[in-house]
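Spelled out from the first residue to the last, the chains are:
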Amino acid sequence: MSLLETANITCPYCGEANELVIDTSVAQQEYIEDCFVCCRPIQVRIAIGENGQFSVSVRSENEGF
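What this report covers is the structure whose coordinates are included nearby. (Residues numbered from 1 in each chain as written. Predicted model: local features only at pLDDT ≥ 70, side-chain atom pairs only at ≥ 80, totals over all residues. Heavy atoms only, no water.)

### With respect to the sheet that holds strand β5 (residues 54-60)
(1) Moving on: The strand order across the open sheet built from three strands is β3-β4-β5, with neighbouring strands paired in antiparallel fashion. The sheet is open, and its two edges are formed by β3 (28-34) and β5, each paired on a single side. For this sheet, the mean angle separating the axes of adjacent strands, direction not counted, is 20°.
(2) Moving on: Here seven bridges tie strand β4 (residues 41-48) to β5, and the two strands are oriented antiparallel to one another. Pairing of Ile 46 across the sheet is with Val 56, part of β5. (Pairing = 2+ DSSP bridges. Helix = DSSP H or I, 4+ residues; strand = E, 2+ residues; numbered from the N terminus. Axes fitted to C-alpha atoms, helices over the stretch in contact; angles between N-to-C directions.)

As structure tokens, then:
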């Protein structure tokens, strides 16, 4: 498996699809990524399992995880 994977997410503001590049060498990640369409800040949380599978959660700026 490659250390870089991609994931498709939906912007919680405008509903447009965005593609993220995920570094799977870091087990837990949380950061802000601007939407490629509306430029609003998306909170991204990524968890990488021991088997290499990952889960991605996204929220708007005002929502908490």
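### Let's talk about the pairing of β4
(1) Moving on: Here seven bridges tie β3 to β4, and the two strands are oriented antiparallel to one another. Bridge pairing in β4 links Asp 34 to Pro 41.
(2) Moving on: Hairpin connection between β3 and β4: a loop of six residues separates the two successive antiparallel strands, and Cys 39 in this loop has a positive phi of roughly 65°.
(3) Moving on: The antiparallel hairpin formed by β4 and β5 contains five residues in its connecting segment, where Gly 52 sits at a positive phi of about 90°.

### Considerations on the pattern of salt bridges
It is possible for side chains of opposite charge to pair when their charged atoms get near one another.
(1) Moving on: Applying the stated criterion across every chain, the model contains one salt bridge.
(2) Moving on: Ionic pairing is found between Arg 45 and Glu 30, a salt bridge with its closest N-O pair at 3.0 Å. Taken together, the residues span a long stretch of sequence, with Arg 45 in strand β4 and Glu 30 in strand β3 at a distance of 15 residues.
(3) Moving on: On the accessibility criterion, Arg 45 (34% relative accessible area) is partly exposed.
(4) Moving on: On the accessibility criterion, Glu 30 (51% relative accessible area) is exposed. (Salt bridge = Lys/Arg side-chain N within 4 Å of Asp/Glu carboxyl O. Buried < 20%, exposed > 50% of the residue type's maximum accessible area, 1.4 Å probe, protein only.)

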